[in-house]
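Structural overview
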Amino acid sequence: MLLGIDVGGTHTDAVAIDIGDTPTVAASCKVPTRHHDLLSSVTEALTTILGKVDKDAVTQLNLSTTLSTNAIVQNKTEDVGVIVSAGPGIDPHNFMPCKDFHVIDGSIDHRGNEVRALSTRQLAEAVDACRENGVRVFAAVSKFSTRNPRHENLIRRTVCNCKSVEVCEHADFVTLGHQLGGALNFPRRVATAYFNCAVWRLYNEFATAVEEALHDMGLGHVKVNILKADGGTMPLPQSRTLPVQSIFSGPAASVMGIIALTDIFHDSVILDIGGTTTDIAVFADGAPLIEREGIDIGSHPTLVSALKVHSIGIGGDSAISVVGPEVRVGPNRLGPSVCLGGERVTLTDALNYTGACAVGDVTASRKAMDAYASARTLTGEKLAEGAVAYAAQAIQDATRALVEEINSKPVYTIHELLEGKKIVPKKVYLMGGPAEAMRDEIFQRFQLSTEVPANFDVANAIGAALTRTTWELELFADTQRHVLFIPTLSYRENVPSGYDLDDAKRDAVNQLTMQLDSMGVFLKAEDAQITHASSFNMVEGYDRVGRNIRVKCQVRPGVIKTFGGGR
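This section reports on the structure supplied with the text. (Residues numbered from 1 in each chain as written. Predicted model: local features only at pLDDT ≥ 70, side-chain atom pairs only at ≥ 80, totals over all residues. Heavy atoms only, no water.)

**Some details on the overall build of the protein chain**
For the record, the criterion: The way it works is that DSSP assigns letters per residue, a run of H or I at least four long becomes a helix, a run of E at least two long becomes a strand, and they are numbered from the N terminus. Values of the radius of gyration come from C-alpha atoms, whereas the globule rule sets the reference at 2.2 Å times the count of residues to the power 0.38. Each residue gets one of three labels from its accessible area relative to the maximum for its type: buried under 20%, exposed over 50%, partly exposed in between, using a 1.4 Å probe on protein chains only. Contacts between residues were defined by any pair of non-hydrogen atoms, one from each residue, lying within 4.5 Å. To measure how exposed things are, a 1.4 Å probe is used in the Shrake-Rupley method; for residues, cover is taken only from the protein chains shown. We count Lys and Arg on the positive side and Asp and Glu on the negative side, and we leave His and both chain ends out. In plain terms, the charge of a residue is placed at NZ if it is Lys, CZ if Arg, CG if Asp and CD if Glu.
Each helix and strand in the protein chain was counted, giving 14 helices and 31 strands. Relative to the compact-globule value of 24 Å for 567 residues, the protein chain shows a C-alpha radius of gyration of 25 Å, a close match. If you line up the protein chain on its principal axes, its C-alpha atoms span 80 × 50 × 50 Å. Looking at the protein chain residue by residue over its 567 residues, the buried ones come to 56%. For the protein chain, contacts bridging at least 24 residues in sequence account for 65% of all contacts bridging at least 6. Here the protein chain displays about 23,600 Å² of accessible surface, and carbon together with sulfur accounts for 49% of that area. Between the averaged position of the 53 positive side-chain charges in the protein chain and that of its 66 negative side-chain charges there is a distance of 3 Å.

**A word on the nonpolar core**
Note the threshold: We define a nonpolar core as any set of buried Ala, Val, Leu, Ile, Met, Phe, Trp, Tyr and Cys residues linked to one another through side-chain atoms lying within 4.5 Å.
With 52 residues, the main nonpolar core has Val 80, Val 82, Val 190, Leu 475, Tyr 499, Leu 512 and Leu 516 as its most contacted residues. For this core, the secondary-structure elements that each account for two or more residues are helix 2 (67-73), strand 5 (81-85), strand 9 (137-142), helix 5 (186-198), strand 27 (472-478), strand 28 (483-486), helix 14 (501-518) and strand 31 (543-555). Top element by residues in this core is helix 5. It accounts for 7 residues. In this structure Leu 475 touches Leu 484, Phe 485, Ile 486, Tyr 499, Ala 504, Asp 507, Ala 508, Ile 549, Arg 550 and Val 551, once residues within four positions along its chain are discounted. The next biggest cluster of nonpolar side chains, apart from the first, holds 49 residues, and it includes Ile 314, Val 327, Cys 357 and Ala 387.

**Some words on the pairing of strand 28**
Heads up, the rule is: Strand pairing follows a simple DSSP-based rule, namely that at least 2 bridges must link the two strands.
A two-sided burial pattern is seen for strand 28, the buried positions comprising Val 483 and Phe 485 on one face and Leu 484 and Ile 486 on the other. Note that strand 27 and strand 28 share 3 bridges and pair antiparallel. Residue Asp 478 lies in a different strand from strand 28, and its bridge partner there is Val 483. Hairpin remark: strand 27 followed by strand 28, antiparallel, with 4 residues in the connecting loop; positive phi at His 482, about 60 degrees. Judged from the 4 bridges that link them, strand 28 and strand 29 (residues 491-494) form a sheet pairing that is antiparallel.

**Some remarks on helix 10 (residues 362-374)**
Basically, it comes down to this: By this rule, a helix spans an expected 1.5 Å times one less than how many residues it contains. Working definition: the arc comes from the directions between the helix axis and the C-beta atoms, pointing outward to the latter.
If you check helix 10, its first and last C-alpha atoms are 18 Å apart, about what 13 residues at 1.5 Å a residue would give, namely 18 Å. Among the residues making up helix 10, those that are buried are Ala 364, Ser 365, Ala 368, Met 369, Tyr 372 and Ala 373. Seen along its axis, helix 10 keeps its buried residues to an arc of 155 degrees; they face one direction. Residues of helix 10 that are exposed and angled more than 90 degrees away from the buried face: Lys 367 and Ser 374. Looking at the buried side of helix 10, the elements it contacts are strand 21 (318-323), helix 9 (347-354) and helix 11 (380-407).

**Here we look at unusual backbone geometry**
The omega torsion of the bond from Gly 330 to Pro 331 falls at 0 degrees, within 30 degrees of zero and hence cis. Here Pro 331 shows up in strand 22 (residues 326-333). Positioned with a positive phi, Phe 248 is a non-glycine residue whose angle comes to about 60 degrees. Inspection of the secondary structure assignment puts Phe 248 in the loop between helix 7 (236-239) and helix 8 (249-261).

**Thoughts on the pattern of salt bridges**
Formally: Each reported salt bridge corresponds to a side-chain nitrogen of Lys or Arg within 4 Å of a carboxyl oxygen of Asp or Glu.
As enumerated under the stated definition, the model contains 29 salt bridges in all. One salt bridge connects Glu 44 with Arg 34, and the closest N-O pair in it is separated by 2.6 Å. One end of the pair, Glu 44, is in helix 1 (residues 38-50); the other, Arg 34, is in the loop between strand 3 (24-32) and helix 1, and 10 residues separate them in sequence. Overall, the relative accessible area of 24% leaves Arg 34 in the partly exposed class. Among the ionic pairs, Asp 285 bridges to Lys 421, the shortest N-O distance being 3.0 Å. Separated by 136 residues along the polypeptide, Asp 285 in the loop between strand 14 (278-284) and strand 15 (287-288) and Lys 421 in the loop between strand 24 (417-418) and strand 25 (427-431) bring together distant segments of the chain. Taking the relative accessible area as the measure of exposure, Lys 421 reaches 17% and is therefore buried.

**Thoughts on the packing of aromatic side chains**
Under the convention used in this document: The pairing test for Phe, Tyr and Trp rings, Trp by its six-membered ring, is centres within 6.5 Å, and the orientation test on the planes gives stacked under 30 degrees, edge-to-face over 60, and tilted for anything in between. Should the NZ of a Lys or the CZ of an Arg lie within 6 Å of a ring centre and within 35 degrees of the ring normal, that charge is described as sitting over the ring.
Inspection of every chain in the model, using the stated rule, returns 3 aromatic pairs. Geometry around Phe 485 places Arg 492 over its ring, the cationic atom sitting 5.5 Å from the centre.

**Re the environment of Ser 85**
To keep it simple, the criterion reads: Pairs of N or O atoms within 3.5 Å make up the polar contacts considered here, provided that, within protein, one atom can donate a hydrogen while the other can accept it, and that residues adjacent in sequence are counted only when both atoms are side-chain atoms.
Within the secondary structure, Ser 85 is located in strand 5. Since its relative accessible area comes to 1%, Ser 85 is described here as buried. Separated by 18 residues in sequence, Ser 85 and Val 103 have C-alpha atoms that sit 5.8 Å apart. Setting aside residues no more than four positions away along its own chain, Ser 85 makes contact with Ile 104, Gly 106, Ser 107, Leu 118, Val 141, Ser 142, Lys 143, His 151 and Phe 186. Of note is the side chain of Ser 85, whose polar atom sits 2.9 Å from the backbone oxygen of Gly 106. One polar contact links Ser 85 to His 151, side chain to side chain, over a distance of 3.4 Å.

**Quick word on the packing of helix 11 against helix 12 (residues 435-446)**
Put simply, the test is: Orientation is described by lines fitted to C-alpha atoms, with helices fitted over the stretch in contact, and by angles between N-to-C directions that extend from 0 to 180 degrees. Any angle between 65 and 115 degrees counts as roughly perpendicular, while under 35 counts as roughly parallel, over 145 as roughly antiparallel, and the rest as oblique. Handedness of a crossing follows from how the near helix is turned relative to the far one, being left-handed for an anticlockwise turn of less than a right angle and right-handed for a clockwise one. Residue classes follow a fixed rule: Ala, Val, Leu, Ile, Met, Phe, Trp, Tyr, Cys and Pro count as nonpolar, while Asp, Glu, Lys and Arg count as charged, and any other residue, Gly among them, counts as polar.
Viewed as axis vectors pointing N to C, helix 11 and helix 12 meet at an angle of 50 degrees, and their least axial separation amounts to 9 Å. Here helix 11 is positioned oblique relative to helix 12, judged by the angle of their axes. Helix 12 is crossed by helix 11, and the crossing has right-handed handedness. Of the residues in helix 12, those in contact with Val 388, Ala 389, Ala 391, Ala 392, Gln 393, Ile 395, Gln 396 and Thr 399 of helix 11 are Met 438, Glu 441, Ile 442, Arg 445 and Phe 446. When its residues are assigned to classes, the contact of helix 11 with helix 12 shows 8 nonpolar, 3 polar and 2 charged.

**Quick word on the sheet that holds strand 10 (residues 173-176)**
The 4 strands are arranged 6-5-9-10 in an open sheet whose pairing can be described as parallel. Of all strands in the sheet, those bounded by a partner on one side alone are strand 6 (101-103) and strand 10. Each neighbouring strand pair of the sheet contributes to a mean axis angle of 15 degrees, computed without reference to strand direction. Of the pairings in the sheet, the one linking strand 5 to strand 6 comprises 3 bridges and is parallel in character. Bridging across to strand 6, Val 82 finds its partner in Phe 101.

As structure tokens, this is what we get:
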């Protein structure tokens with residue numbers, strides 16, 4: 001049995017799924033999300049679910065958490081010492097993410113050759129300055145570290161000032177830029193390394209607390225995975241060094257949930273209407289889109305791979321307001337709906353008033369809506385109808401803008417680049433608590449076939465439970481220098497002059513398989529896919545002196561089972 005928990009902005013959803021030829025939801029629940037204590041929401045959801053199923057049958061828990069996202073949004077991150085080595089080109093200060101930011105002389109070229117040694121004097125001064133400011137976590141990034149990590153490793157050794165990086169008196173954690181991926185985007189690598197450090201301590205305290213809670217519940221044997229923004233999962237032990245990957249995992253759970261619950265073949269719109277936001281995703285020819293370069297965190301572009309999802313401040317608990325003659329909903333959530341004990345009327349109260357749903361105390365919704373409307377020279381009916389219409393129109397406007405943005409650029413799905421593709425949605429899928437209540441209004445706005453699948457209210461948790469582990473690596477080989485390097489694994493070996501693209505593809509798949517095996521993940525041969533392979537001859541004079549080879553291999557996002565029985 002698999003457990004899935006999605007910590008949302010308003011509710012924490014949990015499901016237990018029996019896996020067979022076709023999965024079934026054995027139990028589900030919703031509990032309030034307490035942002036000041038997310039662990040209590042997770043443990044309450046677990047306790048509730050375990051009261052409905054045989055806990056001894058549970059083998060795996062997949063968890064989607066807003067912890068890292070909240071820490072960044074609320075500026076509750078830790079101070080980080082960012083030390084970079086850039087060499088010639090753009091000034092790194094143009095994209096510095098924090099105050100303890102130091103640029104050290106030294107450079108490595110795009111082939112991995114050291115052009116200029118790192119200034120040990122500047123490095124020592126930078127480390128001392130960070131320590132004087134109380135910094136205990138560091139990011140080390142050099143421009144071409146994905147070709148040669150020598151400078152990053154030297155920065156780490158200097159920061160730790162000891163032979164063992166596992167036990168270090170001077171730093172608690174160091175992120176090395178080359179271990180974040182093979183792409184050569186230096187500004188994105190700096191930002192990603194910074195955020196990885198900034199949430200590291202908070203995330204690890206949470207991870208430890210989750211493990212202890214599971215042990216206390218008699219679930220110490222259960223394998224725990226954390227959902228990533230790309231729609232995959234990573235084992236909890238690996239997530240401890242890459243907590244930045246857990247950012248924006250909630251919207252990814254939406255996408256994976258709809259994949260698990262429905263069969264999508266056409267261009268489609270997915271709307272996850274939650275308590276606080278509506279997450280909007282677009283599928284092209286049945287496949288979700290991805291942010292090819294990586295997501296932006298605040299004003300900083302990163303290397304964090306993610307599904308393309310846009311969120312707006314419209315949800316069931318979004319507050320209703322009246323501005324002049326216009327009734328508005330959101331973007332703020334000012335507590336729960338009146339029908340659930342809150343003090344401010346919301347979209348859910350409006351839906352209760354119109355009869356589209358019956359959540360909580362419907363009478364309380366009607367009284368509060370009438371009172372709020374009367375104070376603004378409106379009737380309760382006009383207020384409720386205006387709020388529902390405003391919400392549906394805002395969702396449609398945001399969806400139209402997203403589709404236009406997507407169609408202005410090349411379209412990348414999790415499978416491929418669709419050359420010349422223009423997305424024309426043919427269907428809308430609704431999920432989230434208010435989905436059924438909003439169906440008619442959404443249909444009227446979009447004028448497209450509109451489907452609300454079974455278990456729509458806990459679809460995110462279903463998506464989390466059924467999502468498979470994803471991982472990727474890039475292999476680089478320079479046969480002139482007889483070097484093979486896999487940045488994310490810090491793996492390096494010598495290769496012969498005759499090493500070719502087929503050799504690289506085979507080694508990339510083998511290394512990916514071994515990496516996942518070390519994480520306790522069994523990889524089927526068909527799940528490891530080569531997504532990029534190139535080989536360029538290097539010529540000096542009139543002679544070929546070697547090959548420059550690059551291969552990218554990954555396990556793409558997907559679910560292990562669907563409710564239709566497919567993959």
